[in-house]
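Here is what each chain is made of, one letter per residue.
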Amino acid sequence: MELFDKLYDEHENAKVRFIGFTTEDTRYDFGIIYTNMFFGKPLVICVQTGRSTLLDPKDIEDIDYLQTVFRIPDKEQAVDLAEFFRETLPSIPFVTQYE
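Residues numbered from 1 in each chain as written. Predicted model: local features only at pLDDT ≥ 70, side-chain atom pairs only at ≥ 80, totals over all residues. Heavy atoms only, no water.

1. Concerning the pairing of strand β2 (residues 27-34)
Judged by how many residues are buried, β2 sits mostly within the fold: six of eight residues are covered. In the sheet, strand β1 (residues 15-22) pairs with β2 via eight bridges, with the strands oriented antiparallel. The partner of Ile19 across the bridge, within β2, is Phe30. The hairpin turn running from β1 into β2, its antiparallel successor, is four residues long. By the bridge criterion, four bridges tie β2 to strand β3 (residues 43-46) in an arrangement that is antiparallel. Among the inter-strand pairings, Phe30 is bridged to a residue of β3, identified as Cys46. (Buried < 20%, exposed > 50% of the residue type's maximum accessible area, 1.4 Å probe, protein only. Helix = DSSP H or I, 4+ residues; strand = E, 2+ residues; numbered from the N terminus. Pairing = 2+ DSSP bridges.)

2. As for a nonpolar patch on the surface
Side chains of Val16, Phe18 and Val47 sit close together on the surface and give an oily, nonpolar patch of about 320 Å² of accessible area. Looking at where Phe18 falls in the secondary structure, it is placed in strand β1. (Patch = residues over 30% accessible without salt bridge, like charges linked within 9 Å, V, L, I, M, F, W, Y side chains within 5 Å. Areas by Shrake-Rupley, 256 points an atom, 1.4 Å probe, with all protein chains shown as cover. Salt bridge = Lys/Arg side-chain N within 4 Å of Asp/Glu carboxyl O.)

3. Brief notes about the side chain of Asp59
For Asp59, the location among the structural elements is in helix α1 (residues 57-60). A distance of 3.2 Å separates a polar atom in the side chain of Asp59 from a polar atom in the side chain of Lys41. (Polar contact = N/O pair within 3.5 Å; in protein donor to acceptor, adjacent residues only side chain to side chain.)

4. Focus on the side chain of Thr88
Tracing the backbone shows Thr88 in helix α3 (residues 75-88). Residue Thr88 is classed as buried on the basis of its relative accessible area of 14%. Residues contacting Thr88, with those up to four places away along its chain left out, are Arg17, Ile32 and Tyr34. (Contact = heavy atoms within 4.5 Å.)

Next up, the structure:
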């Protein structure tokens, strides 16, 4: 008896970027995985906390979302982080994965 129904099992050579930076108040360390999976959204992982999310340009504009997902204590820091992501993450068009 099979316990799990496999949904996907893909192997891919993905581009990974590790970047650390500081703002006036905070230090950040991120791993960014660029992949063809997840509708073309890069997987962004905070190396310090292990929290991760998929981000596209629309997600970056949602300051409350960034503040929640990365547990940022104040809105000004989240705005700084959004600015970093705007400059760092490519503007990738939506990719249809399911028909």
